[in-house]
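Breakdown of the fold
Each chain, written out:
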Amino acid sequence: MKSLIQYAFVAVVLCSSAPADDGFKSLFNGKDLNGWKGDTSLWSVEDGAITGKTNGPDHLKYNKFLIWDGKVEDFEFRCQFRLEGNNNSGVQYRSVHDKKKGEFVCVGYQADIHSKPEFTGMLYDEKGRGIIARRGQKVTVGADGKKTVTKLDGAVKPVDLTKWHELTIIAKGNRLIHKVDGIVTVDITDNQKEHAETSGVIAFQVHRGQAMKAQFRNIRLKQLN
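Residues numbered from 1 in each chain as written. Predicted model: local features only at pLDDT ≥ 70, side-chain atom pairs only at ≥ 80, totals over all residues. Heavy atoms only, no water.

Time to look at the overall build of the chain. When helices and strands are counted, the chain shows 1 helix and 17 strands. At 19 Å, the chain has a C-alpha radius of gyration in line with the 17 Å of a compact globule built from 225 residues. C-alpha extents for the chain along the principal axes are approximately 70 × 45 × 35 Å. Split into buried and exposed, the 225 residues of the chain put 46% on the buried side. Put simply, 66% of the contacts in the chain that link residues at least 6 apart link residues at least 24 apart. Total accessible area on the chain is roughly 11,800 Å²; 51% of this is exposed by carbon and sulfur atoms. Taking the 34 positively charged and 27 negatively charged side chains of the chain as two groups, their mean positions are separated by 2 Å. (Helix = DSSP H or I, 4+ residues; strand = E, 2+ residues; numbered from the N terminus. Rg over C-alpha atoms; globule rule 2.2 N^0.38 Å. Buried < 20%, exposed > 50% of the residue type's maximum accessible area, 1.4 Å probe, protein only. Contact = heavy atoms within 4.5 Å. Areas by Shrake-Rupley, 256 points an atom, 1.4 Å probe, with all protein chains shown as cover. Lys, Arg positive; Asp, Glu negative; His and termini not counted. Charge placed at Lys NZ, Arg CZ, Asp CG, Glu CD.)

On to the sheet that holds strand S16 (residues 201–206). Ordered in space as S2-S5-S16-S7-S8-S9-S10, the 7 strands form an open sheet in which the pairing is antiparallel. Unpaired on one side and paired on the other, strand S2 (36–37) and strand S10 (130–133) mark the two borders of the sheet. Pairing between strand S8 (residues 106–113) and strand S9 (residues 123–126): 4 bridges, direction antiparallel. Residue pairing in the sheet places Tyr109 in a bridge with Asp125 of S9. (Pairing = 2+ DSSP bridges.)

Here we come to empty space enclosed by the protein. Enumeration over the complete set of coordinates arrives at 1 cavity of 30 Å³ or more. By volume, the largest cavity is sized at about 30 Å³. Around the largest cavity, the lining residues are Phe81, Asp112, Ile113, His114, Thr120, Gly121, Leu161, Leu167 and Val180. A per-class count over the lining of the largest cavity returns 5 nonpolar, 3 polar and 1 charged. (1 Å grid on protein atoms, 1.4 Å probe; cavity = no way out; pocket = protein on both sides within 12 Å on 5 of 7 lines; lining within 4 Å. Points joined across faces, edges and corners; volume = space filled by probe spheres on them. Nonpolar A, V, L, I, M, F, W, Y, C, P; charged D, E, K, R; others polar.)

With that out of the way, let us pick up the layout of surface pockets. Put simply, the largest pocket is a space of about 200 Å³. Forming the walls of the largest pocket are 13 residues, and the residues nearest its centre are Arg135, Ala155, Ile183, Val184 and Thr185. Here the lining of the largest pocket gets 3 residues from one element, more than from any other, and that element is strand S15 (residues 183–190). Residue classes in the lining of the largest pocket are distributed as 7 nonpolar, 3 polar and 3 charged.

A word on the packing of aromatic side chains. This structure, assessed with the given rule, holds 4 aromatic pairs. A ring pair is formed by Tyr93 and Tyr109, whose centres lie 5.5 Å apart and whose planes are at 35 degrees; its orientation type is tilted. A residue pair is termed long-range when its members are at least 10 positions apart, and Tyr93 in strand S7 (residues 89–97) and Tyr109 in strand S8 qualify at 16 residues. Here Tyr109 falls in the buried class, since its relative accessible area comes to 1%. Between Phe204 and Phe216, the ring centres sit 3.9 Å apart and the planes meet at 5 degrees, which makes this aromatic pair stacked. A residue pair is termed long-range when its members are at least 10 positions apart, and Phe204 in strand S16 and Phe216 in strand S17 (residues 212–223) qualify at 12 residues. (Phe/Tyr/Trp six-rings, centres within 6.5 Å; stacked < 30°, edge-to-face > 60°.)

This next bit is on the side chain of Asn88. When you line up the elements, Asn88 lands in the loop between strand S6 (75–84) and S7. With sequence-adjacent residues up to four places away left out, Asn88 is seen in contact with Leu83, Asp112, Ile113, His114, Gln205, His207 and Met212.

Turning next to unusual backbone geometry. With a phi close to 50 degrees, Asp47 is a non-glycine residue in the positive phi region. Its place among the elements puts Asp47 in the loop between strand S3 (43–46) and strand S4 (49–54). The exposure class of Asp47 is exposed, given its relative accessible area of 76%. In this structure, Phe104 takes a positive phi of about 55 degrees despite not being glycine. Inspection of the secondary structure puts Phe104 in the loop between S7 and S8. On the basis of relative accessibility, which here comes to 17%, the residue Phe104 falls in the buried class.

Now the structure itself:
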């Protein structure tokens with residue numbers, strides 16, 4: 001009896017100390033694109049994952065996005081992703097759906113999904129300031145746009161993007177953190193108020209150029225106060 005009580009106590013302790021996803025909401029039902037809008041000739045659901053495909057250099061004139069029907073300010077976002085093809089993708093956040101620039105075009109912060117090691121999980125400002133922080137960098141952007149850059153711990157190594165990985169984006173005020181598989185890839189403080197984005201949409205990208213296939217699943221969001 002004593003051993004059973006001890007076992008039960010240990011089980012309760014382990015369960016109570018295990019990490020929980022409290023407050024996270026699923027943004028994808030695993031079946032269709034309900035709650036998202038985009039070009040359905042590019043986006044579909046395959047094998048339980050949101051899937052974006054292009055078929056070569058002449059397919060797209062510009063980058064296009066699948067846009068979630070909602071907005072974020074301060075939040076934590078998580079998803080699993082994979083990428084095939086000699087191209088890149090990304091997750092837009094706090095971005096603007098700018099119809100003047102083209103059908104399903106987004107402008108703003110992007111967590112980049114790119115095969116080059118220094119670009120995997122970097123912060124890119126789509127149709128804005130361009131690369132703000134490369135992977136492995138902690139960056140403070142001054143009010144005048146000048147950057148102070150220091151190196152994060154850890155080596156910048158290639159990532160096999162054809163396999164599933166987890167992307168985490170944490171945005172709180174002017175502090176932005178990206179993680180790939182739980183490891184911080186960039187840490188940014190953006191003090192350039194005239195260009196910093198404080199709220200907007202979340203979206204997935206298919207990039208013009210070479211044929212590609214980008215997939216996303218287990219898409220979750222937690223709004224932060």
